[in-house]
Amino acid sequence: MTAAAALKRKLASGETLTVVNADHPSPSLVEALGRLPIDAVFIDCEQGSPDFESVEDMARAARAVGLASIVRVFGREDWIIERFLFRGVDGLVVPRVDSAEEAKRVVGAVRYCCSGSDADRLLVVQVESVAAVRDLDRLLAVEGIDVFFVGPVDLARSMGHGGAYHRPEVQAEIDRVIAAVRGASRAAGMLVGREDVERYRRAGVQFLYVHANAFLAWGAEAFASTLRQAAT
């Protein structure tokens, strides 16, 4: 079974995926993440610094430790999707998909690149604009998409609130999107932290996305707390 097929099986069975953004273009970090109880490493080429060669090296490191690799691309053009898929990743996250027509083109580009034994890839599209929310019912009807991932910061900006996604009105919109995704029997994804992961899991979110930098911060905070307790 391919790594992508294993992820899809977990989603189909209602299980969660823990997906960690490596935050650094580092194959050795990917190797270290592969020893943790997570499902996939998220290689961020939209907001992060990995280049094509880094993606290839990080995907290779993931395969070496049995970890799935998912890359977030910086555009939805066919040539971008093709070039990243040929780097050996197990899945794609495509940002700024604002309509069903755009989603269909993305699915078509992935299917064009992958055929036969190479066909299995996890495809995640980001719902992160008012336009996408307005077309959500049609988006959810597009076949070939495995996860509808809410981009909270960009959604907040699209709603006129900058990146303030913790505002009540933005949170309410996020909740409505997740409920609609789950109501259509599709898998939902969301950025989570220690403070809200339980809430989103109860809401049915299966693709739980977190940053390696957050892991480092949490570990450092716990260690500092232990030191303070030892000093008293």
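Refer to the preceding data block for the structure.
Residues numbered from 1 in each chain as written. Predicted model: local features only at pLDDT ≥ 70, side-chain atom pairs only at ≥ 80, totals over all residues. Heavy atoms only, no water.

**What to know about the overall build of the protein**
- The secondary structure content of the protein amounts to eleven helices and eight strands.
- By principal-axis analysis of the C-alpha atoms, the protein measures approximately 60 × 45 × 35 Å.
- Looking at the protein as a whole, 48% of its 232 residues qualify as buried.
- A fraction of 62% describes how many contacts in the protein between residues 6 or more apart in sequence connect residues 24 or more apart.
- Accessible area of the protein: about 10,900 Å², with a carbon and sulfur share of 52%.
- Within the protein, the 32 negative side-chain charges are centred at a point lying 3 Å from the centre of the 27 positive side-chain charges. (Helix = DSSP H or I, 4+ residues; strand = E, 2+ residues; numbered from the N terminus. Buried < 20%, exposed > 50% of the residue type's maximum accessible area, 1.4 Å probe, protein only. Contact = heavy atoms within 4.5 Å. Areas by Shrake-Rupley, 256 points an atom, 1.4 Å probe, with all protein chains shown as cover. Lys, Arg positive; Asp, Glu negative; His and termini not counted. Charge placed at Lys NZ, Arg CZ, Asp CG, Glu CD.)

**So, the pairing of strand β3 (residues 68-72)**
- By the criterion of burial, β3 is predominantly enclosed, with five of the five residues buried.
- Burial of β3 is two-sided: the residues A68, I70 and R72 facing one way and the residues S69 and V71 facing the other way are all buried.
- Between strand β2 (residues 40-44) and its parallel partner β3, the chain crosses via helix α3 (residues 52-64), and the hand of that crossover is right-handed.
- Pairing analysis gives three bridges linking β3 to strand β4 (residues 91-94), with the strands arranged parallel. Following the sheet pairing, R72 is matched in β4 by V93.
- Handedness of the β3-helix α4 (residues 78-85)-β4 crossover: right-handed. (Right-handed = clockwise from strand over helix to strand, strands pointing away. Pairing = 2+ DSSP bridges.)

**Comments concerning the pairing of β2**
- In terms of burial, β2 is largely enclosed, as five of its five residues are buried.
- The alternating pattern of β2 places A40, F42 and D44 and V41 and I43 on opposite faces, both of which are buried.
- In this sheet, β2 lies alongside strand β1 (residues 17-21) in parallel orientation, the contact comprising three bridges. By the bridge assignment for β2, V19 is matched with A40.
- Taken together, β1, helix α2 (residues 27-33) and β2 form a β-α-β motif whose crossover is right-handed.
- Both β2 and β3 contribute to a ladder of five bridges, which runs parallel. When the sheet's bridge partners are listed, D44 is paired in β3 with R72.

**Some remarks on the packing of aromatic side chains**
- Tallying each qualifying case throughout the model produces eight aromatic pairs.
- Centre to centre, the rings of F215 and W218 are 5.6 Å apart; their planes meet at 45 degrees, and the pair counts as tilted. Of the two residues, F215 and W218 both sit in helix α11 (residues 212-231), three residues apart, roughly one turn of that helix.
- Among the residues examined, W218 registers a relative accessible area of 22% and is labelled partly exposed. (Phe/Tyr/Trp six-rings, centres within 6.5 Å; stacked < 30°, edge-to-face > 60°.)

**Some words on unusual backbone geometry**
- Positive phi, normally seen in glycine, also occurs at D23, with a value near 65 degrees.
- Residue position: D23 is located in the loop between β1 and α2.
- A residue is classified by how much of its surface remains accessible, and D23, at 27% relative accessible area, is partly exposed.
- Here the phi dihedral of R96 falls at roughly 55 degrees; this positive angle occurs in a residue that is not glycine.
- A relative accessible area of 34% places R96 in the partly exposed class.

**What to know about the pattern of salt bridges**
- In this structure the tally under the stated criterion is 18 salt bridges.
- With its nearest N and O atoms 3.0 Å apart, the salt bridge here joins R35 to E31.
- When its relative accessible area of 60% is taken as the criterion, R35 is described as exposed.
- Here R202 ties to E198 by a salt bridge, and the two come within 3.2 Å at their closest N and O atoms. A residue pair is termed a helical-turn pair when its members lie 3 or 4 positions apart in one helix, as R202 and E198 do in helix α10 (residues 197-202) at four residues.
- A relative accessible area of 56% means that E198 is categorised as exposed.
- Each of the salt bridges in this network shares a partner with another, and the network as a whole consists of D44, E46, R72 and R96. (Salt bridge = Lys/Arg side-chain N within 4 Å of Asp/Glu carboxyl O.)

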